[in-house]
Amino acid sequence: FFALFVGKFGSQAYLDQLNQLQPGMGLMLLVQVWVPRLQAASPSRLEAKTQMVGLTKLLCETPALLADANGRQIWSQILACAVKIVCSSGSYLNSLSVQENDDDAEIGYDATFSVLHFATRPAKDPFAEVQDAGASLVQSVGRLCASHPGQITPMIAQGLSPDPKLSAGFDGLCQKAGVQLS
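Bear in mind the structure is a predicted one, so any value in this text is a computation, not a measurement.

A. Just the side chain of Lys 49, in detail. When you line up the elements, Lys 49 lands in helix H4 (residues 45–60). On the basis of relative accessible area, Lys 49 is assigned to the buried category, the value being 5%. Among the polar contacts made by the side chain of Lys 49, one reaches the side chain of Asp 125 at a distance of 2.6 Å. Of note is the side chain of Lys 49, whose polar atom sits 2.6 Å from the backbone oxygen of Val 130.

Pasting the structure below:
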């Protein structure tokens, strides 16, 4: 839900709404609930795309994360989560389009439970305008690097250095999208 809200209304609206309830609640939920949930289990298909759009907006449209050392640490964790989602094989962000359905209709009968396969609603993509969530991430980070020269690249290295697969995956995304980070 948080990713959908951030994707539709922006990261500042997310922080403002939660901080009205209790000061610091937006970052607290981000650090203690949202990021750990994504680190534990990667989302797939449409949820992965929604998470990517929300995380990209948090990374690139939240100046509060760049203000202090704690915010930069959180920024690095968010980037690592986003890259993990894009690079995970279960997300299908790299290989299949969102509209493709991976459920095959089985012909047969099972007396215990039968799913009404053709009676379900197809999932709607809330971010149809974003064709490639991974490319959108690296392009947005590239623009952020250009607006803050020398400040973002060390945070990228800090967030991705613990896992060489994430670092290689991010470099691959940058090459695929044609983005040079400075």
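B. How the structure looks around the packing of H4 against helix H6 (residues 133–147). Packing of H4 against H6 leaves a shortest axis separation of 10 Å and a crossing angle of 0°. Between H4 and H6, the crossing angle belongs to the class labelled roughly parallel. Along the contact surface, H4 presents Lys 49, Met 52, Thr 56, Leu 59 and Cys 60, while H6 presents Ala 133, Ser 136, Leu 137, Ser 140, Val 141 and Leu 144. In terms of residue class, the contact of H4 with H6 is made up of 7 nonpolar, 3 polar and 1 charged.

C. Highlighting the environment of Gly 142. You can see Gly 142 is positioned in helix H6. Assessed through its relative accessible area of 12%, Gly 142 is described here as buried. Separated by 37 residues in the primary sequence, Gly 142 and Val 179 place their C-alpha atoms 6.4 Å from one another.

D. Region of interest: the packing of helix H5 (residues 69–87) against helix H7 (residues 152–160). It is at 8 Å that the axes of H5 and H7 come closest, and there the two elements cross at 60°. One finds that H5 runs oblique with respect to H7. As for how H5 packs across H7, the hand of that crossing is right-handed. Residues Arg 72, Gln 73, Trp 75, Ser 76, Leu 79, Ala 80 and Val 83 of H5 touch H7, and the partners they reach there are Ile 152, Met 155, Ile 156, Gln 158, Gly 159 and Leu 160. The residue makeup of the contact of H5 with H7, split by class, is 8 nonpolar, 4 polar and 1 charged.

About the cut-offs
Residues numbered from 1 in each chain as written. Predicted model: local features only at pLDDT ≥ 70, side-chain atom pairs only at ≥ 80, totals over all residues. Heavy atoms only, no water. Helix = DSSP H or I, 4+ residues; strand = E, 2+ residues; numbered from the N terminus. Buried < 20%, exposed > 50% of the residue type's maximum accessible area, 1.4 Å probe, protein only. Polar contact = N/O pair within 3.5 Å; in protein donor to acceptor, adjacent residues only side chain to side chain. Axes fitted to C-alpha atoms, helices over the stretch in contact; angles between N-to-C directions. Parallel < 35°, antiparallel > 145°, perpendicular 65-115°, else oblique. Contact = heavy atoms within 4.5 Å. Nonpolar A, V, L, I, M, F, W, Y, C, P; charged D, E, K, R; others polar. Left-handed = near helix turned anticlockwise from the far one by under 90°.

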